[in-house]
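Per-entry structural report
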Amino acid sequence: MSEQKTNKEQRYDRQLRLWGDHGQEALENAHTCLLNASATGTEILKNLILPGIGAFTIVDGHKVTGEDVGNNFFLSCESIGKNRAQAATEFLQELNSDVSGNFVEESPDKLLDNDPEFFHRFSLVIGVQLPESTCQRLGAVLWSAGVPFLVCRTYGLVGYMRLVVKEHTVVESHPDNALEDLRLDQPFTELRNHISSYHLDSMDKKDHSHTPWIIVIAKYLEKWYNEHNCQLPKNYKEKEVFRQLIRDGIRKNENGAPEEEENFDEAIKNVNTALNPTKISSAVDDIFNCVQCENITSQTSAFWMMARGVRDFVQNEGNGSLPVRGTIPDMIADSDKFINLQNVYREKALQDAAVVSKHIQSHLQAVGKPSESISEQDIKLFCKSAAFLRVVRCRSLAEEYSTDTFQKDTITSCMDSPDSEMVLYLMLRSVDRFYQQHSRYPGVYNYQVEEDISKLKLCVNSLLQEHGLSVNVKDDYVHEFCRYGTAEPHTVASFLGGAAAQEAIKLITHQFVPFNNTFIYNAMSQTSATFQL
Amino acid sequence: MVQLVGPLSKELADSVSSCKILVVGAGGIGCELLKNLVLTGFKNIEVIDLDTIDVSNLNRQFLFQKKHVGKSKAQVAKESVLRFCPSANITAYHDSIMNPDYNVEFFRSFQLVMNALDNRAARNHVNRMCLAADIPLIESGTAGYLGQVTVIKKGVTECYECQPKPTQKTFPGCTIRNTPSEPIHCIVWAKYLFNQLFGEEDADQEVSPDTADPEAAWNPEDTAARATASDQDGDIKRVSTKDWARSTGYDPVKLFNKLFKDDIMYLLTMDKLWKKRKAPVPLDWAEMLQLGEDPRTRNSRLKDQQVLNVGGYSRLFQHSVETLRSQLADKGDGAELVWDKDDPPAMDFVTAAANLRMHIFSMNMKSRFDVKSMAGNIIPAIATTNAVIAGLIVLEALKVLNSDIQQCRTVREKHIKAPVKSH
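None of the values given here were measured: they were computed from a predicted structure.

1. Digging into a negative patch on the surface
- Together, E200(B), E201(B), D202(B), D204(B) and E336(B) make up a negatively charged patch on the protein surface.
- Structurally, D204(B) can be placed in the loop between α7 (183-198) and α8 (220-232).

Next up, the structure:
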């Protein structure tokens, strides 16, 4: 059993360094459903199976054709005539024996007719190359069941993704530029006490130059407060004066030249960010003001329970501030001083988390749930990430397509540049319309290309008219989409496979922020764009 | 059998199936790239990679399976590709691209070269060869969630070396040998130590105290005097570390006491170094034995991510020395070991030695997981990023081939373009 564990650690080593073991655990507990094992679909699954997703199920009613084998790595000549779900599953399974692969030889439409609840069991449903009507039907089922739905499509040299999830919570958003949580503007008691245990002036040279910069800034801030009526340095000018104050504090040698005190240099460098007032971002404030945070019931998810716990803390013991994060950056200091300072923050963080935990416990109790429902580990992680919580809410497909609620302004303003990726979106909508009218897509066979151009153009115009969109779609795009003839070039499928799998991993691990909600990739110009539709 | 892509013009499709291309590297990007190339209709592919397959490759290099661990990447990649496309014409080289056999003539035999490398030296080399041969090169790279693709064509774009790239950080010898102040210094020291004891001895990888350290002298004449003294100091300093270790039978306790006690005490005599720095504190083997297991380490974290106490690392040092000693003995006379981050006793040795040194120099010790990252220059890697980048590479390749055709066409023939449908 433990040998198995070490093997997994070895195999997954390079990705554990990105999303950690709790991320890996979430991945291994996930079960995803793929509709249509076309090239795009199998590429997406490949990228989920290799890192060890728990299980996958392919739903596909098609039989494998020669065309399929031409662009799909996970089908062979021997597969021709077999059900595509089964054939693809067999090959995909070879990628990772830890993953459980299943297949259903049924078209998505039939499944929706007979057993829509089939889809409720999945952590994520990925629909590839689906006609609009199937998408809409499935979208409605998954929306009410609260199952995230990722729609993907490769159409010639165009890639398309649409994320449909009612509410997706993210604890670890991993922002690119996170500021430290040092509380220098409002030091908590233990920090204040720790700071006062230092007497810079009476320290010997070695100690002086190995005092953490956080302490240095804190000490000089006290001096500053005395002369500035307890106000923080606010603008560039004041911060410059403050920096000079610190600079003047650098010890001098017997010749009057400043000694090398790297910790003071660090302090000066960090003045810019270390004195920012501690405050809660609007994104987190919004989370606290959500109705889910307000009305706690037995159905409330762990995220909202914990959010409420933190909110209670903020409004009481925290005096308007979040629980202390508990980490400090690396810095020049001797290890005793560093560790002692680190422990001050660490212990306060533990204390605050314990208070948050008590609040959470009382809510759990009030709705009759056991206190073990939310682990201490999760609460600690939540508190540590409190400043970076995010909630993503996508509009439903119904809202996107309805003539009452579609995003008219977004579409119109994007089309001010007629070559914006938005035109590709409109073309995809138009070919769907073509399919509805003619039960086929335009230009699939050579002889159809010419006559389908005018038919497709009619679809474009009726789409625009019905939605009252006075935008110009160049003829070039109509021609182009006829030429594409629903081709699914492998390399575009491969690109989209990577991009879609990455979003899927974000959704499953609840780390990083998924896109919201439409992604268009133009393989000709190698450009892409995201829209909220 | 492989179908041609609908949106390609007939000429481009013909060019794709007839041209000869070189893929340099069969790892993360290489596997994805080979798949994409074959499924796009490229038929004549040569792939070269000097590496063999490791377990940690399996989370993304999908042309390889567990049973292939230890085998040549290029070779297995070729075999796997042929399984799903028997008509592909693939040649595999288990070799370094920097081998002079791959001369300008070799490069000239291709219409296009694509890099799927992981190091600067090889990239520079291929860049120059492609410039010399005047063959278009598609350069790419990935790290974690980031990646990039660039087309390099002589006379049209800048080459890979046109813009200076940041150099890899190296540390001065005296920092490594005398006055480490960061964990990375201790880790580099531990890697040098491995080579001095078990591997190929390198004069630039000395681990003993550096008496010629200019910072140690109170005045300049002193430095010179110390330097000559160490040269003349015959016996003890002249005998190589490996010879000395061998003479003790690679006794872990003797090694421990020399490296972590005696050598440290010697450093302490160079008192000028410790005027402004916290002085190192030597360890004692007998004391280490007294230390029990740190209770904090008994939690559910992955073993690799725990940080042991100094007693734990002392025991790990002893254990790994004993294992490496027998590895060396098994290889026979004059044998040498090569350090490999994925070889457990070698990694254990570096983890233990580095941490003991960190403790001596008052630094917070690091878990094996973190030491491995730094010692092995590990770059995190996942399937998705490589899939995206490889997709982009082939699209750029098509454009490069297309523009070559266009160039020819403007010179010779009329513009013909007929769509070819998949059938």
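2. Section: the sheet that holds strand β5 (residues 149-155) of chain A
Residue and element names in this part refer to chain A.
- Taken in spatial order, the eight strands of this open sheet run β3-β2-β1-β4-β5-β6-β9-β10, and their pairing is mixed. The outermost strands of the open sheet, each flanked by one partner alone, are β3 (100-104) and β10 (527-531). Recorded for the sheet is a direction-independent mean angle of 15° between the axes of neighbouring strands.
- In the sheet, strand β2 (residues 55-59) pairs with β3 via five bridges, with the strands oriented parallel. Bridge assignment links V59 to a residue of β3, and that residue is V104.
- Relative to the sheet, helix α7 (residues 132-145) contacts β1 (31-35), β4 (124-128), β5 and β6 (158-164), its axis offset from that of β5 by approximately 160°.

3. A look at the environment of K20(B)
Residues and elements named next belong to chain B.
- Looking at the secondary structure, you find K20 in strand β1 (residues 20-24).
- Separated by 91 residues in the primary sequence, K20 and Q111 place their C-alpha atoms 5.7 Å from one another.
- With near-sequence residues (within four places) excluded, K20 lies in contact with N44, E46, S109, F110, Q111 and L112.
- At 3.3 Å, the side chain of K20 forms a polar contact with the side chain of S109.

4. Describing the interface of chain A and chain B
- Between chain A and chain B, the contact holds 63 residues from the first and 59 residues from the second.
- Overall, the association of chain A and chain B removes approximately 5,200 Å² of surface from exposure, summing both partners, and the carbon and sulfur fraction of that is 59%.
- Looking at the side of chain A facing chain B, the largest losses of area belong to R14(A), R17(A) and F73(A), adding up to 16% of the total buried there.
- Across the chain A-chain B interface, the total number found is four salt bridges.
- Here K46(A) makes a salt bridge to E32(B), at a shortest N to O gap of 2.5 Å.
- At the junction of chain A and chain B, the tally comes to 17 residue pairs in polar contact (both at pLDDT 80 or more).
- Among the elements of the structure, α1 (2-11), α2 (13-28), α3 (39-49), α4 (66-71), α16 (335-366), α22 (475-484) and α23 (490-509) of chain A are those that each provide at least two residues to the side of chain A that touches chain B.
- Its residues assigned to classes, the side of chain A that touches chain B shows 27 nonpolar, 20 polar and 16 charged.

The rules behind these values
- Residues numbered from 1 in each chain as written.
- Chains lettered and ligands numbered in written order.
- Predicted model: local features only at pLDDT ≥ 70, side-chain atom pairs only at ≥ 80, totals over all residues.
- Heavy atoms only, no water.
- Patch = residues over 30% accessible without salt bridge, like charges linked within 9 Å, V, L, I, M, F, W, Y side chains within 5 Å.
- Areas by Shrake-Rupley, 256 points an atom, 1.4 Å probe, with all protein chains shown as cover.
- Salt bridge = Lys/Arg side-chain N within 4 Å of Asp/Glu carboxyl O.
- Lys, Arg positive; Asp, Glu negative; His and termini not counted.
- Charge placed at Lys NZ, Arg CZ, Asp CG, Glu CD.
- Helix = DSSP H or I, 4+ residues; strand = E, 2+ residues; numbered from the N terminus.
- Pairing = 2+ DSSP bridges.
- Axes fitted to C-alpha atoms, helices over the stretch in contact; angles between N-to-C directions.
- Contact = heavy atoms within 4.5 Å.
- Polar contact = N/O pair within 3.5 Å; in protein donor to acceptor, adjacent residues only side chain to side chain.
- Buried area = accessible area lost by both parts, 1.4 Å probe.
- Nonpolar A, V, L, I, M, F, W, Y, C, P; charged D, E, K, R; others polar.

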